[in-house]
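Spelled out, the chains give:
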Amino acid sequence: MDILKTLQALNACHGPSGDEGDVATFLEKLAAPYVDECHTDTMGNLIAHKKGNGSRVMFAAHMDSIGCVVTHIEKEGFVRFGKVGGLETASILHTPVRFKTGVRGLISLDEKVKASEMKLDDLYLDIGAKSADEARAMVQIGDTAVFDTPSFATGDRLVSPYLDNRISCLVLLMAMEQCTASGNDLYFVFTTQEEVGLRGAKTAAFAIDPDYAVVVDVTVAGDELGSKHEGSSSLGCGAAIKVMDSSVICHPQMVKKLDELARARGIQAQMDVISSGGTDGGSIHTTRMGVLTGGVSVPCRYIHTPTEMVDRHDVEACSKLIAAVIETRL
């Protein structure tokens, strides 16, 4: 699989939280050759099932993204917006955006406000409209927009919007591609609405009732310049085995198993502890009577900005570790 080209195709899909259908359709085409059946549930989760007689194992990677939602149209034609998920005001000023209809625009700042004092409410979208009527012909209240920045490689590093969490969707696909057999009953779930409260994973886990779960997501890299080390992982140092974040303390049995598999197969790995932020593991591990939950994370810089960064070797290491779990009878 060409990681960059597939990532670019994924990001061409419109998929903010609550409207992930285009992403699900694309992922289903890629996943279908490796599983027995695919279906989309009420919440929009894409569930790809590879039947087996062993333990039910759920792999989860969320496919939704953060974005903007139209809340008001000014008489001059400028568009006010609210947040879908964790928009960071300082990171999105002057960012190009794209609506599902193809309308494009730019995030701009009210000229009366200093950039050092700006809040999200001070920003607006300039879609090129000259009046409110013209703007309403282009967008409606409730329409959503996503970042329209490019995806590219620089050396071994990949830079792109929405690596959180489209890159983990690719990790699952790459792992499925590598495996030929498993003794487990496998459920690969591409979840919805993670960015607004881990919502899709909650209902999917309830329906599947897995014995084990492995959540794949990005994690805060602690190696940025001047980092306060809010995360324990570094780019280029391998798959990050989740220990804990603010949503989940992974089961020691799963942490140990993932560490043992990485060591046994010579897969570069590191431990993942972050001081804030969470994953779908937060809703999965408390489902029904509880689920033995672990996590495999891709270290990522500049999370929730229009230009996130990961290392290609970490992506490959994560896919190998997930493949090892698939092939191991749990």
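Residues numbered from 1 in each chain as written. Predicted model: local features only at pLDDT ≥ 70, side-chain atom pairs only at ≥ 80, totals over all residues. Heavy atoms only, no water.

Chemist: Explain the nonpolar core to me, and be specific about the residues and the numbers.
Modeler: If you look at the biggest cluster of nonpolar residues, it comprises 59 residues, and the most contacted ones within it are Leu27, Phe59, Ile167, Phe188, Leu321 and Ile322. Within the second largest apolar cluster, 27 residues are counted, among which are Ile66, Leu120, Ile127 and Val139. (Core = buried A, V, L, I, M, F, W, Y, C linked by side-chain atoms within 4.5 Å. Buried < 20%, exposed > 50% of the residue type's maximum accessible area, 1.4 Å probe, protein only.)

Chemist: Please set out the side chain of Thr219 residue by residue, giving values where relevant.
Modeler: Mapped onto the fold, Thr219 is located in strand β13 (residues 212–220). Thr219 has contacts with Ser233, Ala240, Lys242, Asp272, Ile274, Ser297, Val298, Pro299, Cys300 and Ile303, leaving out every residue within four places of it along the chain. (Helix = DSSP H or I, 4+ residues; strand = E, 2+ residues; numbered from the N terminus. Contact = heavy atoms within 4.5 Å.)

Chemist: Residue-level account of the side chain of Thr191, with values.
Modeler: Position of Thr191 relative to the elements: it lies in strand β12 (residues 185–191). Not counting residues within four places of it along the chain, the set of residues in contact with Thr191 comprises Asn45, Ala60, Ala61, His62, Met63, Asp64, Gly200, Ala201 and Asp280.

Chemist: Can you lay out the packing of helix α2 (residues 21–31) against helix α5 (residues 163–178) for me, pointing to particular residues and giving the numbers?
Modeler: Where α2 contacts α5, the axes come no closer than 10 Å and their chain directions differ by 20°. When the interaxial angle is binned, α2 and α5 end up roughly parallel. In the packing of α2 onto α5, the handedness of the crossing is right-handed. Here Val23, Leu27, Leu30 and Ala31 of α2 lie close against α5, whose contacting residues are Arg166, Cys169, Leu173 and Met176. Per-class residue counts for the contact of α2 with α5 are 7 nonpolar, no polar and 1 charged. (Axes fitted to C-alpha atoms, helices over the stretch in contact; angles between N-to-C directions. Parallel < 35°, antiparallel > 145°, perpendicular 65-115°, else oblique. Left-handed = near helix turned anticlockwise from the far one by under 90°. Nonpolar A, V, L, I, M, F, W, Y, C, P; charged D, E, K, R; others polar.)

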